[in-house]
Amino acid sequence: MFPKNIYLLRHAETEYNRKGMVQGKGIDADLNETGLEQARKFYEHYQHLPLQKIYISTLKRTQQTVEQFFKKNVEVEKHEGLDEISWGIHEGKPFTKEAHQEYLFYTSAWRNGQTNVAITEGETPDEVQYRQQIFTKVLLKDAATEIMVCSHGRAMRILLAWWLGYPLKYMDYFEHRNTSFYHLRYTGSAFHILTHNSLSHLQES
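Quick notes on the rules
- Residues numbered from 1 in each chain as written.
- Predicted model: local features only at pLDDT ≥ 70, side-chain atom pairs only at ≥ 80, totals over all residues.
- Heavy atoms only, no water.
- Axes fitted to C-alpha atoms, helices over the stretch in contact; angles between N-to-C directions.
- Helix = DSSP H or I, 4+ residues; strand = E, 2+ residues; numbered from the N terminus.
- Parallel < 35°, antiparallel > 145°, perpendicular 65-115°, else oblique.
- Left-handed = near helix turned anticlockwise from the far one by under 90°.
- Contact = heavy atoms within 4.5 Å.
- Nonpolar A, V, L, I, M, F, W, Y, C, P; charged D, E, K, R; others polar.
- Buried < 20%, exposed > 50% of the residue type's maximum accessible area, 1.4 Å probe, protein only.
- Polar contact = N/O pair within 3.5 Å; in protein donor to acceptor, adjacent residues only side chain to side chain.
- Pairing = 2+ DSSP bridges.
- Core = buried A, V, L, I, M, F, W, Y, C linked by side-chain atoms within 4.5 Å.
- Expected span 1.5 Å × (residues − 1).
- Arc of directions from axis to C-beta.
- Salt bridge = Lys/Arg side-chain N within 4 Å of Asp/Glu carboxyl O.
- 1 Å grid on protein atoms, 1.4 Å probe; cavity = no way out; pocket = protein on both sides within 12 Å on 5 of 7 lines; lining within 4 Å.
- Points joined across faces, edges and corners; volume = space filled by probe spheres on them.

*Asks:* Is there a simple way to explain the packing of helix H5 (residues 125-141) against helix H6 (residues 153-163) in this structure?
*Replies:* Packed helices, taken two at a time, are described by their axes: the angle between them and the distance between them. Taken N-terminus to C-terminus, the directions of H5 and H6 make an angle of 65°; their axes are 10 Å apart at the nearest point. With respect to each other, H5 and H6 are oriented roughly perpendicular. The way H5 lies across H6 gives a crossing that is right-handed. Of the residues in H6, those in contact with Pro125, Val128, Gln129, Gln132, Gln133, Phe135, Thr136 and Leu139 of H5 are Ala155, Ile158, Leu159, Trp162 and Trp163. In terms of residue class, the contact of H5 with H6 is made up of nine nonpolar, four polar and no charged.

*Asks:* What is the right way to look at the side chain of Ser151 in this model?
*Replies:* Locating Ser151 in the fold gives a position in strand E4 (residues 146-151). The class of Ser151 is buried, set by a relative accessible area of 1%. A distance of 2.7 Å separates the side chain of Ser151 from the backbone oxygen of Leu82, its partner in a polar contact.

*Asks:* Help me out: how do you make sense of the pairing of strand E5 (residues 181-186) in this one?
*Replies:* On a regular strand, each side chain points to the face opposite its neighbour's, so the side chains alternate between the two faces of the sheet. The element E5 is largely enclosed, with a buried count of five among its six residues. Strand direction decides the pairing type here: strand E1 (residues 4-10) and E5, joined by six bridges, are antiparallel. Its bridge partner being in E5, Lys4 is matched across the sheet by Tyr186. In this sheet, strand E6 (residues 191-198) lies alongside E5 in antiparallel orientation, the contact comprising five bridges. Each residue of the ladder has a partner; that of Leu184, found in E6, is Ile193. Linking E5 to E6, which pair antiparallel, is a turn of four residues; within it Gly188 sits at a positive phi near 115°.

*Asks:* What exactly am I supposed to notice about the nonpolar core here?
*Replies:* The nonpolar side chains of a soluble globular protein tend to be buried, and buried together. Judged by nonpolar contacts, the single largest core of 30 residues is most densely connected at Ile6, Leu8, Val149, Trp163 and Leu184. At the level of elements, E1, helix H4 (97-111), H5, E4, H6 and E5 are the ones that each hand at least two residues to this core. Among the elements that line this core, the one with the most residues is H6, at six residues. Each residue touching Leu184, except ones within four places of it in the same chain, is listed here: Lys4, Asn5, Ile6, Leu8, Leu160, Trp163, Leu164, Phe191, His192, Ile193 and Leu194. Counting residues in each nonpolar core, the second largest holds 15 residues, with Tyr7, Leu51, Val66 and Val74 among its members.

*Asks:* What is the right way to read helix H2 (residues 33-46) from this model?
*Replies:* Residues three or four positions apart in an α-helix share a direction because the helix packs 3.6 residues into each turn. Spanning 14 residues, H2 covers 20 Å between terminal C-alpha atoms, matching the ideal 20 Å at 1.5 Å per step. Considered for burial, the residues of H2 that qualify are Gly35, Gln38, Ala39, Phe42, Tyr43 and Tyr46. Buried residues of H2, seen end-on, are gathered within an arc of 135° and therefore sit on one face of the element. In this fold, the buried residues of H2 make contact with E1, helix H3 (60-66), E4, E5 and E6. Of the residues flanking the start of H2, the one acting as N-cap is Asn32, its side-chain oxygen 3.2 Å from the backbone nitrogen of Thr34.

*Asks:* Got a minute to help me understand the pattern of salt bridges in this structure?
*Replies:* Opposite charge on two side chains permits pairing when their charged atoms draw close. Applying the stated rule across the entire model yields eleven salt bridges. Two residues, Lys53 and Glu77, come together in a salt bridge whose shortest N-O distance is 3.2 Å. Remark: Glu77 occurs in strand E3 (residues 75-78) and Lys53 occurs in strand E2 (residues 53-56); sequence separation between them is 24 residues. The exposure class assigned to Lys53 is buried, which follows from its relative accessible area of 4%. Taken together, the shared-partner salt bridges connect Lys53, Glu75, Glu77 and Asp142 into one network.

*Asks:* Looking at this structure, I do not really get the layout of surface pockets. What am I missing?
*Replies:* Leftover empty space is mapped by rolling, across the atoms, a probe with the size of a water molecule. For the largest pocket, the calculated volume is near 430 Å³. Arg10, Glu84, Trp87, Tyr103 and His176 are, among the 20 residues lining the largest pocket, the residues nearest its centre. The set of elements that each furnish at least two residues to the lining of the largest pocket consists of helix H1 (15-19) and H6. The element contributing the most residues to the lining of the largest pocket is H6, with three residues.

Below, the structure written as structure tokens:
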């Protein structure tokens, strides 16, 4: 059952990403043409992985990012623990100056350790971590040892900070872009990071 190789990636680009619009748990957007190309390149680069299981969020942009792997008859499971954080009243809206200032206020508070506060009608990092803890129990009980996990930007920051033993206020250490790839190994007692924020699949001709 151990060790487990965990291949963690952020979903590919949507129009919300391209336009700089807020896209959280409440926005179920499709990939755009750039995102579909990113997903194709990701598959071509990593199709050799001996995957036994794929976990995705309940949002279709994660499914569309990794669905080319489905033809390899890998078991797929959705889990809401992998959903993006809710950005509350700002979801689906462009970053106005006022909205951006509010975003900066809360992300600054999180970096100061106040991970129990949220944008109006949104989620706190602590709440996201709670549902990720439920997912992680499922992950670690899974008999599969080669597992791909496709999630979202802020959710990945929170997940990686927790898995690697960092207080959540350090979550911004974990950088990401669309289809950023992290390889981690779980030894039975701890997660270890082997590959950090790789975009090598996008740099190939």
